[in-house]
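In case you want the letters, here they are:
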Amino acid sequence: DTAVSQTPKYLVTQMGNDKSIKCEQNLGHDTMYWYKQDSKKFLKIMFSYNNKELIINETVPNRFSPKSPDKAHLNLHINSLELGDSAVYFCASSQRDRGQPLHFGNGTRLTVT
Amino acid sequence: AQRVTQPEKLLSVFKGAPVELKCNYSYSGSPELFWYVQYSRQRLQLLLRHISRESIKGFTADLNKGETSFHLKKPFAQEEDSAMYYCALGGNRDDKIIFGKGTRLHILP
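Note that this is a predicted model, so its numbers are computed, not measured.

Between chain B and chain A, the residue contacts involve 24 residues of the former and 23 residues of the latter. Connecting chain B to chain A are one salt bridge. Linking chain B with chain A are eight residue pairs in polar contact (both at pLDDT 80 or more). Elements with a minimum of two residues in the side of chain B that touches chain A: β5 (32-38), β6 (45-49) and β9 (83-90) of chain B. Counting residues per element, the side of chain B that touches chain A draws most heavily on β5(B), which supplies four residues. Residues of the side of chain B that touches chain A, tallied by class, amount to ten nonpolar, five polar and nine charged.

On to the sheet that holds strand β8 (residues 72-74) of chain B, then. Residues and elements named next belong to chain B. On the basis of which strands lie adjacent, the open sheet formed by three strands has the order β3-β8-β7 and antiparallel pairing. Of all strands in the sheet, those with a lone pairing partner are β3 (19-21) and β7 (60-61), marking the two edges. Bridging between β7 and β8 involves two bridges; their strand directions are antiparallel. Its bridge partner being in β8, T60 is matched across the sheet by K73.

The next point concerns the state of the cysteines. By the definition in use, this model includes two disulfides over all chains. Between A:C23 and A:C91 runs a disulfide, and the two sulfur atoms are separated by 1.8 Å. The sign of the S-S torsion, about -80°, decides the handedness of the disulfide formed by A:C23 and A:C91: left-handed. Of the two residues, A:C23 sits in strand β3 (residues 19-25) while A:C91 sits in strand β9 (residues 87-94), which places them 68 residues apart along the sequence. Take A:C23: its relative accessible area is 2%, and that puts it in the buried class. Put simply, B:C23 and B:C87 are joined by a disulfide, and their sulfur atoms are 1.9 Å apart. Here the S-S torsion is close to -65°, and the disulfide linking B:C23 with B:C87 is therefore left-handed. Placement of B:C23 in the loop between β3 and β4 (24-26) and of B:C87 in strand β9 is noted, with a sequence separation of 64 residues between them. The exposure class assigned to B:C87 is buried, which follows from its relative accessible area of 0%.

Conventions adopted
- Residues numbered from 1 in each chain as written.
- Chains lettered and ligands numbered in written order.
- Predicted model: local features only at pLDDT ≥ 70, side-chain atom pairs only at ≥ 80, totals over all residues.
- Heavy atoms only, no water.
- Contact = heavy atoms within 4.5 Å.
- Salt bridge = Lys/Arg side-chain N within 4 Å of Asp/Glu carboxyl O.
- Polar contact = N/O pair within 3.5 Å; in protein donor to acceptor, adjacent residues only side chain to side chain.
- Helix = DSSP H or I, 4+ residues; strand = E, 2+ residues; numbered from the N terminus.
- Nonpolar A, V, L, I, M, F, W, Y, C, P; charged D, E, K, R; others polar.
- Pairing = 2+ DSSP bridges.
- Disulfide = S-S within 2.5 Å.
- Buried < 20%, exposed > 50% of the residue type's maximum accessible area, 1.4 Å probe, protein only.

Taken by themselves, the reported measurements are silent on function.
Right, here's the structure in full:
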């Protein structure tokens, strides 16, 4: 069974469109995250939710809106897509205790044309 | 402020040679350090964490608080070790886990 699953795996869309990426974890973790990996492979945290509550919100444009309907799901909605949004987006989960590692999904490769 | 530095963007090593991937950190609290590996077009996977003090796939890493380092080492490189390696830093419960810029390890035949 996949522990952290995100869909879709690939997303190709045009500038100005709105798109969503879904993430689900079956590990029973209380915290979920979105990370962005750019073309240089830099990995940067975007958001973190703990039990449906937003706890980390890095300086991400407000076109990006995370939504957590329950602690097993964290979706990412992006409005008015721009070329610079092209990246691989990774969902991750963990228990919010010291020393607990992140468990990552397979990533969603977003290409904005 | 939390900071993780991986000074090498690319490291090329011959098969059978020793490997050392450098990681330095800056953190005011008690750090939690991790190494993650990403094989080509795959998800990031946890390789090591300092609290476990274990060896995975022949890799080890020791936290040196005096030098604020957590270098990843392997005595004999194998071709399947070619991948991106990320050092990551966490700490207090309310602090995020941040990643270094990554080092691409290329094992030469």
